[in-house]
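Listed below, chain by chain, are the residues.
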Amino acid sequence: MALDTSAHEVHHHTSETVRTATTESRIARYGLIAIALCFIGLFLLLPLAAVFTEAFRNGPGEFVTVLQDPETFSAIRLTLIVAGISVPLNLVFGVAAAWAIAKYEFKGKAFLTTLIDLPFSVSPVISGLVFVLLFGSHSVLGPWLQSHGIQILFAVPGIVLATVFVTFPFVARELIPLMQEQGTADEEAALSLGASGWQTFWYVTLPNIKWGLLYGVLLCNARAMGEFGAVSVVSGHIRGLTNTMPLQVEILYNEYSFVAAFAVATLLALLALVTLVLKSLLELKFSAQIAASRRH
Amino acid sequence: MTASTARRWQFRQPSVIPGFGLALGVTLSWLFLIVLIPLSGLVWRTSALGWPAFWSLATDERTVNALRISFGTAFAAAAVNVVFGVILAWVLVRYKFPGKRIIDAVVDLPFALPTAVAGIALTAIYAPNGWIGSLLAPLGIKVAFTPLGIVIALVFVGLPFVVRTVQPIMEEIDKEVEEAAATLGATRFQTISRVLLPGLAPAVLTGFALAFARGVGEYGSVIFIAGNLPYVSEIAPLLIVIRLEEFNYPAATAIAAVMLIISFAMLLIINLIQAWSRRRYGYGA
């Protein structure tokens, strides 16, 4: 114990054995861990378990049967279409915004960054409402759209717009801190060696940011597929046509088709679990590329 | 050409990296099309109402009650999340225990799980015949279909905001500070409550504000468990939806405007706290 090395070793094992002045007593430690685990179990894991239990309440047979409803199929299809359009749109926007903000110094940059985050501080219902006010029959654009036979509200374009609005900041806010940390030295080197702007982007910048980009896309996709409030306001709830999966869950639930509602909910819960697993893997393997942005 | 004009305007510092015009052009047009024009539409429709009409809509009794319920339950839920979020962050940063990595990942579940799914799951648990509801019913405690149910749902959606704001700041704490406190004779409890927690206050406040702001606007997870009784458990976002379904656009617009004004005030406060904490502690919350 008198030796430096052994003292060092003891210090490392304090959490299991010896108490030092900078650790809590064993009772306090176990108490806090117990409180944390109970809270997680009660508020996060129990609801997750409830989704699966309720879906299989009447056995796997009924679970499979209720999922084969054509309306559910079209809800799944619409959710995939909406995410398939809005995620790539916000991906391109996010890369462009991060490129402009991280690689250059210009006036009003901080203000621009704040504006990009704006959709996060708007209630989902208000995000839907703004498009109703813009395209509804009472709006300025409404009569013109109607006379030209363009349907935006209560149709797929409106759902896509609302989804793009709520998922707007995801990719950009993931990439901006990452690209700011990486600086411009790599790009300047590539350019001085004769690479064109696009070559520099494809062969230098993109490989540097790809895991952070994937991380942003993952979160963006989870929100795009799961968005409820904004989509609910603009969708019009036309069965088989403008219902996404979360809206289908609501409709089935309000009709007291609980097993069917929870069966569709299990698909969304699985999506959430896959997202969490991939997210943790990315954080574990590529922490250097993501660490910059983990601090929200 | 872009470079020379930019230099003359002093809009940006010169850079050898190409693509500024394209990147900023894409960014600004997308921002205007998707976010700024739709939001300014809301501002315009609100100002078109005129002050007397806006005031009478905003002070309508049902509206005021809905706003009070939204802000009150969001405040209570954010307060609960501050207590348990800080404990959770502390446990995740300081202690080793089996399954820690899984718990850390699970904290983000409310970010990943669609709110409607959370809503029906929580209702199933807290309904009078549910897992927890049936335990509380004999005690005379009703959770589902009361304001307490709203708080439960908002605790669910708000938890990661507190944990993920406080956790990285806790990781940055210098062990030497605690050692200094201990050598000066502080007990462990004194070190934590007098030395560590005050340093974490800006992060905790930011987490509180984020969870609170999210709770005020939350819709999907609340409407199933709330019971949606006007004047008792009807939240403001739901009242906007109800007014829209009645084609009462002025009322929907007015409620939305009030909510936006308060949310933006909150955002401003968050930014001020962050700026203050960076100045005071050298790290951002």
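Source: prediction; values computed, not measured. (Residues numbered from 1 in each chain as written. Chains lettered and ligands numbered in written order. Predicted model: local features only at pLDDT ≥ 70, side-chain atom pairs only at ≥ 80, totals over all residues. Heavy atoms only, no water.)

The number of helices and strands found in chain A is 15 helices and 0 strands. The principal-axis extent of the C-alpha atoms belonging to chain A is close to 85 × 65 × 30 Å. For chain A, the residues scored as buried account for 52% of the 296 residues in total. Of the accessible surface of chain A, which amounts to about 13,100 Å², a share of 68% is contributed by carbon and sulfur atoms. (Helix = DSSP H or I, 4+ residues; strand = E, 2+ residues; numbered from the N terminus. Buried < 20%, exposed > 50% of the residue type's maximum accessible area, 1.4 Å probe, protein only. Areas by Shrake-Rupley, 256 points an atom, 1.4 Å probe, with all protein chains shown as cover.)

The subject of this paragraph is the overall build of chain B. Scanning chain B for helices and strands turns up 14 helices and 0 strands. Starting at the N terminus and ending at the C terminus, chain B contains elements arranged as α-α-α-α-α-α-α-α-α-α-α-α-α-α. Taken along its principal axes, the extent of the C-alpha atoms in chain B is 65 × 60 × 35 Å. When the accessible surface of chain B is totalled, it reaches about 12,600 Å², and 68% of it is carbon and sulfur. Charged side chains of chain B number 20 positive and 14 negative; the gap between the two group centres comes to 6 Å. (Lys, Arg positive; Asp, Glu negative; His and termini not counted. Charge placed at Lys NZ, Arg CZ, Asp CG, Glu CD.)

Right, let's get into the packing of aromatic side chains. All names here are of chain A. With the rule as written, the count across this model stands at 29 aromatic pairs over all chains. Residues Trp 198 and Phe 201 carry aromatic rings whose centres are separated by 6.4 Å and whose planes lie at 90° to one another, so their mutual orientation is edge-to-face. One end of the pair, Trp 198, and the other, Phe 201, are both in helix H11 (residues 197–226), 3 residues apart, so they sit about a helical turn from each other. Its relative accessible area of 55% is what places Trp 198 among the exposed residues. Owing to a relative accessible area of 13%, Phe 201 belongs among the buried residues under this scheme. (Phe/Tyr/Trp six-rings, centres within 6.5 Å; stacked < 30°, edge-to-face > 60°.)

This paragraph deals with empty space enclosed by the protein. Per the counting criterion, the structure on display carries 2 cavities of 30 Å³ or more. Together, Thr 79, Val 82, Thr 163, Ala 224, Met 225, Glu 227, Val 231 and Thr 244 of chain A line the largest cavity. Contributing elements (two or more residues each) for the lining of the largest cavity: helix H4 (70–103) and H11 of chain A. The residue inventory of the lining of the largest cavity, partitioned by class, reads 4 nonpolar, 3 polar and 1 charged. Lining the second largest cavity we find Leu 219, Thr 275, Leu 276 and Lys 279 of chain A together with Asp 108, Phe 111 and Ala 112 of chain B. For the lining of the second largest cavity, the elements supplying multiple residues, two or more each, are helix H14 (258–285) of chain A together with helix H6 (109–112) of chain B. Among the elements that line the lining of the second largest cavity, the one with the most residues is H14 of chain A, at 3 residues. Class assignment for the residues of the lining of the second largest cavity results in 4 nonpolar, 1 polar and 2 charged. (1 Å grid on protein atoms, 1.4 Å probe; cavity = no way out; pocket = protein on both sides within 12 Å on 5 of 7 lines; lining within 4 Å. Points joined across faces, edges and corners; volume = space filled by probe spheres on them. Nonpolar A, V, L, I, M, F, W, Y, C, P; charged D, E, K, R; others polar.)

So, about the interface of chain A and chain B. On the side of chain B, 92 residues touch chain A, which itself brings 93 residues to the contact. Surface buried jointly by chain A and chain B totals about 8,300 Å² across both partners, of which 79% is contributed by carbon and sulfur atoms. In this structure, the salt-bridge partner of Arg 188 of chain B is Glu 24 of chain A, at a minimum N-O distance of 2.5 Å. Summed over the shared surface of chain A and chain B, the number is 14 residue pairs in polar contact (both at pLDDT 80 or more). No other element matches helix H2 (residues 26–55) of chain A, which puts 20 residues into the side of chain A that touches chain B. Of the residues in the side of chain A that touches chain B, the class split is 62 nonpolar, 17 polar and 14 charged. (Contact = heavy atoms within 4.5 Å. Buried area = accessible area lost by both parts, 1.4 Å probe. Salt bridge = Lys/Arg side-chain N within 4 Å of Asp/Glu carboxyl O. Polar contact = N/O pair within 3.5 Å; in protein donor to acceptor, adjacent residues only side chain to side chain.)

Applying the stated rule across the entire model yields 18 salt bridges over all chains. Among the salt bridges present, the one from Glu 227 of chain A reaches Arg 223 of chain A, with a minimum N-O distance of 2.8 Å. Among the ionic pairs, Glu 246 of chain B bridges to Arg 243 of chain B, the shortest N-O distance being 3.1 Å. Here Arg 243 of chain B falls in the buried class, since its relative accessible area comes to 12%. Residues participating in the shared-partner salt-bridge network are Lys 279 and Glu 283 of chain A together with Asp 104, Asp 108 and Arg 164 of chain B.

With that out of the way, let us pick up the environment of Ile 40 of chain A. Note on placement: Ile 40 of chain A falls in helix H2. Residues in contact with Ile 40 of chain A, not counting those within four places in the same chain, are Leu 45 of chain A together with Leu 88, Ile 103, Val 106 and Val 107 of chain B.

Looking now at the packing of helix H4 (residues 61–94) of chain B against helix H9 (residues 147–172) of chain B. All names here are of chain B. It is at 6 Å that the axes of H4 and H9 come closest, and there the two elements cross at 40°. With respect to H9, the axis of H4 lies oblique. The handedness of the crossing between H4 and H9 comes out as right-handed. Within the contact of H4 with H9, the residues separate by chemical class into 22 nonpolar, 5 polar and 1 charged. (Axes fitted to C-alpha atoms, helices over the stretch in contact; angles between N-to-C directions. Parallel < 35°, antiparallel > 145°, perpendicular 65-115°, else oblique. Left-handed = near helix turned anticlockwise from the far one by under 90°.)

A surface patch of nonpolar side chains, about 720 Å² in accessible area, is lined by Val 92, Trp 198, Trp 202 and Tyr 203 of chain A together with Leu 22 and Val 26 of chain B. Relative to the helices and strands, Val 26 of chain B is located in helix H2 (residues 20–49). (Patch = residues over 30% accessible without salt bridge, like charges linked within 9 Å, V, L, I, M, F, W, Y side chains within 5 Å.)

Bringing helix H13 (residues 236–245) of chain B into the picture now. Residue and element names in this part refer to chain B. Burial analysis of H13 places 8 of its 10 residues in the buried class, which makes it a mostly covered element. Within H13 the residues assigned to the buried category are Ala 236, Pro 237, Leu 238, Leu 239, Ile 240, Val 241, Arg 243 and Leu 244. After H13 finishes, the residue Phe 247 shows a positive phi value of roughly 60°.

Here Thr 146 of chain B is to be found in the loop between helix H8 (133–136) and H9. Not counting residues up to four positions away in its chain, the partners in contact with Thr 146 of chain B are Ile 225, Ala 226 and Ser 233 of chain B.

A few words on unusual backbone geometry. Within the chain, Phe 154 of chain A stands out as a residue other than glycine whose phi angle is a positive 55°. Here Phe 154 of chain A lies in the loop between helix H7 (141–147) and helix H8 (156–167). For Phe 154 of chain A, a relative accessible area of 37% puts it in the partly exposed group. Non-glycine residue Tyr 231 of chain B carries a positive phi angle of around 70°. You can see Tyr 231 of chain B is positioned in the loop between helix H12 (220–226) and H13.

So, on to the environment of Tyr 126 of chain B. Along the polypeptide, Tyr 126 of chain B turns up in helix H7 (residues 115–126). Measuring from C-alpha to C-alpha, the distance between Tyr 126 of chain B and Phe 97 of chain B comes to 30 Å, with 29 residues separating the pair along the chain. Among all residues touching Tyr 126 of chain B, those that are not within four sequence positions of it are Leu 42 of chain A together with Ile 132, Gly 133, Val 143, Ala 144, Ile 152 and Ile 225 of chain B.

Quick look at the confidence of the model for chain A now. Residues and elements named next belong to chain A. Chain-level pLDDT for chain A is 88 on average; 91% of the residues reach the 70-or-more range. Highest mean pLDDT in chain A belongs to H8 (96); lowest belongs to helix H1 (residues 4–12) (45). The model gives residues 1–17 a pLDDT under 50, and that stretch makes 13 contacts with residues more than four places away or in other chains. (pLDDT = per-residue confidence, 0-100.)

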